[in-house]
Amino acid sequence: MCSLQALCSGLPLRPLPENQGRWAGVPHAPVRTPGLSPAEEQLALKNALRYFPPDVQEVLAPEFAQELRLYGHIYMYRFCPDLEMRAYPVEQYPCRTRAAAAIMLMIMNNLDPAVAQFPQELVTYGGNGQVFSNWAQFWLTMSYLAQMTEEQTLVMYSGHPLGLFPSSPEAPRLVITNGMVIPNYSSRTECEKLFAMGVTMYGQMTAGSYCYIGPQGIVHGTVLTVLNAGRRYLGLQDLAGKVFVTSGLGGMSGAQAKAAVIVGCIGVIAEVDGAALMKRHRQGWLMEVTDSLDHCIERLREARKRKEVLSLGYHGNVVDLWERLVHELDTTGELLVDLGSDQTSCHSPFNGGYYPVQLGFAEARSLMASDPTAFKGLVQESLRRHVSAINRLAQEHFFFWDYGNAFLLEAQRAGADVGKPGANRTEFRYPSYVQHIMGDIFSQGFGPFRWVCTSGDPQDLVVTDRLAMSVLEEIVAGGVTPAVKLQYVDNIHWIREAAKHQLVVGSQARILYSDQKGRVAIAMAFNQAIARGELKAPVVLSRDHHDVSGTDSPFRETSNIYDGSAFCADMAVQNFVGDAFRGATWVALHNGGGVGWGEVINGGFGLVLDGTEDAERKARRVLSWDVANGVARRCWSGSPTAYEVICQTMREDSSVAVTLPHAVADERVLQALQQ
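Conventions and cut-offs
- Residues numbered from 1 in each chain as written.
- Predicted model: local features only at pLDDT ≥ 70, side-chain atom pairs only at ≥ 80, totals over all residues.
- Heavy atoms only, no water.
- UniProt positions renumbered as here; feature names shortened; annotations may be inferred.
- Helix = DSSP H or I, 4+ residues; strand = E, 2+ residues; numbered from the N terminus.
- Buried < 20%, exposed > 50% of the residue type's maximum accessible area, 1.4 Å probe, protein only.
- Contact = heavy atoms within 4.5 Å.
- Pairing = 2+ DSSP bridges.
- Axes fitted to C-alpha atoms, helices over the stretch in contact; angles between N-to-C directions.
- Salt bridge = Lys/Arg side-chain N within 4 Å of Asp/Glu carboxyl O.
- Core = buried A, V, L, I, M, F, W, Y, C linked by side-chain atoms within 4.5 Å.
- Phe/Tyr/Trp six-rings, centres within 6.5 Å; stacked < 30°, edge-to-face > 60°.
- Lys NZ or Arg CZ within 6 Å of the ring centre and 35° of its normal.

Looking up the protein in an unreviewed UniProt entry gives the name urocanate hydratase, with the organism given as Rangifer tarandus platyrhynchus. UniProt lists a comment for the protein under the heading Sequence similarities (unreviewed entry), and it reads "Belongs to the urocanase family." Within the UniProt record for the protein, the comment given under Cofactor (unreviewed entry) is "NAD(+)".

Put into structure tokens, the structure is as follows:
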């Protein structure tokens, strides 16, 4: 059994570890079909072998070549560590800096089999959200982190540790870029080839930035989304007896079952992969499972009648479920669903992110590898059927939204009827959840703020929950607008109930939605608690890239920006740079994430609080910028809510000066253009 000390000592070469191949009993990534030419295959193998000295290449070359042939990528299974992969208490990592130890903890949490979707392929979530491209990169990164001093920065190129370089204590200890492909070559096809050749990587959002905290990371966002959907579409605060139908239980989508229970509705979630479904059931996130559509409908009817709180996993294709709901409506006149969405990994629909209804799971995976063109045709036919069923239900009192997984975008490309008359490029028949449900939250400066207690002690998480709740209650007591108060009250309730719902999977972490004032105040409270010894070890602050300022994504985070800049990525890039020089411990910038290659630029950060005045100063600077940047951008783009928030920020902080837009009458523009 390998130790943490050995894990941080560089690649194990003499002797080479035994090649145990793919593990049995754990989920594995679908076979990739990058379509490499013979010359590109040679390059892929050469690129993999350059991590190793010539004396071991003779052994490794044939097995790496076989991995490329069998799986479409060289993962280097031989070097998958013989160690329980999890977030160990931070003091156990053999490091020279606290920051490096915290980063190691976050990396290992992302690869924990209880957390990661395909742990042996280094995929955390989303079907293809890589932490690294191969296991050699993991070993080298851990070794560099163990060596790192406060005068060095580790540079990561799409999973590849370029090396340690001189910097300063004020600089980030780690700078990550993932998928930074030249725009003209950032197509799905091209990027699949580049990944197979080992030169770029799809880091999703928090997979490649080492900030994933398990499905809890999206539970809270899903809770807020479903709650606010009920308020907006159904006019209800109480969702008892209301039915929410969706799909996906594999990665982040596993949050949907828990969210349905927390909001008090009936959640029916379809999942084609039985292993993923049973994993959520064993974790207690899914109350019941069935592979019978008849039983599913019977149980749904019963729960509606009794107004039960229920999360029901249907082991089957969601298209079958939607079509059965249409059949029930057309034959009985009974509408059995109130709210609907989709959380398949539709950003990668032809590589295992979406499975066609015409085939079973195993048969679909086989066809995906043997005949990608035929598989693509079936996926697109399935998407058309999927949308057709939703369209029929939407003629009644049923409401559907796109959950930012590129479902409507890919359905449109498949020829499905998702068009909206007079719409701009980011609008479809159904709204993105950002456009209708969450967008104004971002304009208020609220987004997914999170932290990890590096002690690994659940009691530290209890303390941070209490501190965060106290901070938010104090802000509300000090006076806020009604709209802001609603957000704070939702989040206070969330924190109060969090422990009861057993949300922790992996590291001792928590998430809540907060604005700039709340984030800074919570950080100060945590840092002071560390200084007092009330918390036993440092706390890592982070957030989802899906946040106020972190992501430029015209079909998701910035889909409600209508001044034409939704397709521009200045905000995310400026956020990454600004966080870096304001004191973040590490920063990351990604192409892709959520909606796929070439569709989004996003970034994130990690910030280690260690109880020092220096940590407090850095946290104030980073957290203020990390929110204000996006609010100011939304203000300039025409959001009245963001305008009010940024004006309030300027009144409270004289060092902030933002260019404010003037009102422009449509009539004046039209008259000028007609002259």
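This part takes up the environment of alanine 257. Inspection of the secondary structure puts alanine 257 in helix H8 (residues 255-263). The class of alanine 257 is buried, set by a relative accessible area of 0%. As for alanine 257 and methionine 85, which are separated by 172 residues in sequence, their C-alpha atoms are 26 Å apart. Once residues within four sequence positions are removed from consideration, alanine 257 is found in contact with Leu249, Ile269, Trp285, Leu286 and Ser311.

A few words on the sheet that holds strand E11 (residues 399-400). Spatially, the six strands line up as an open sheet ordered E8-E9-E7-E6-E10-E11, and their pairing is parallel. The strands lining the two open edges of the sheet, one partner per strand, are strand E8 (288-290) and E11. In the sheet, strand E10 (residues 339-340) pairs with E11 via two bridges, with the strands oriented parallel. Bridge pairing in E11 places glycine 340 opposite phenylalanine 400. Here helix H10 (residues 293-306) sits on the sheet in contact with strand E6 (243-247), strand E7 (266-271), E8 and strand E9 (310-315), set at roughly 170 degrees to E9.

This part takes up the pattern of salt bridges. In total, this model carries 45 salt bridges according to the counting rule given. A salt bridge links arginine 299 to glutamate 302, with the nearest nitrogen and oxygen atoms 2.9 Å apart. Of this pair, arginine 299 and glutamate 302 both sit in helix H10, three residues apart, which is roughly one turn of the helix. The exposure class of arginine 299 is buried, given its relative accessible area of 10%. Taking the relative accessible area as the measure of exposure, glutamate 302 reaches 30% and is therefore partly exposed.

An α-helical turn contains 3.6 residues, so a residue and the one three or four places further along point in the same direction. Burial runs high along H8: seven of the nine residues are buried. Looking at H8, one finds that the buried residues are Ala255, Gln256, Ala257, Lys258, Ala259, Ala260 and Val263. Close packing links the buried residues of H8 with helix H7 (216-234), E6, E7 and E9.

Ranked by internal contacts, the top residues of the largest apolar core, which has 149 residues, are Phe52, Met76, Phe138, Tyr210, Trp401, Trp451 and Leu541. Here methionine 76 is in contact with Ala48, Tyr51, Phe52, Phe64, Glu67, Asn134, Trp135 and Ala136, once residues within four sequence places are set aside. Ile266, Val318, Cys346 and Tyr354 belong to the second-largest nonpolar core, a separate cluster that totals 55 residues.

Here the focus is the packing of aromatic side chains. Tallied over the full model, the rule gives 23 aromatic pairs. Aromatic side chains phenylalanine 132 and tyrosine 210 sit 5.8 Å apart centroid to centroid with 35 degrees between the ring planes, which places their arrangement in the tilted category. Separated by 78 residues along the polypeptide, phenylalanine 132 in the loop between strand E2 (129-130) and helix H5 (135-147) and tyrosine 210 in the loop between helix H6 (188-196) and H7 bring together distant segments of the chain. Judged on exposure class, the residue phenylalanine 132 and its partner tyrosine 210 are both buried. Seen in terms of ring centroids, phenylalanine 449 and tryptophan 451 are 6.2 Å apart; in terms of plane orientation they differ by 55 degrees. Their pairing is tilted. By relative accessible area, phenylalanine 449 is classed as buried at 0%. On the accessibility criterion, tryptophan 451 (0% relative accessible area) is buried. One aromatic cluster is present, built from ring pairs that chain together Trp322, Phe398, Phe400, Phe407 and Tyr430. Taking NZ or CZ as reference, lysine 258 lies 5.5 Å from the ring centre of tryptophan 285, over its face. For arginine 425, the ring lying beneath its charged end belongs to phenylalanine 567, and the centroid distance is 3.9 Å.

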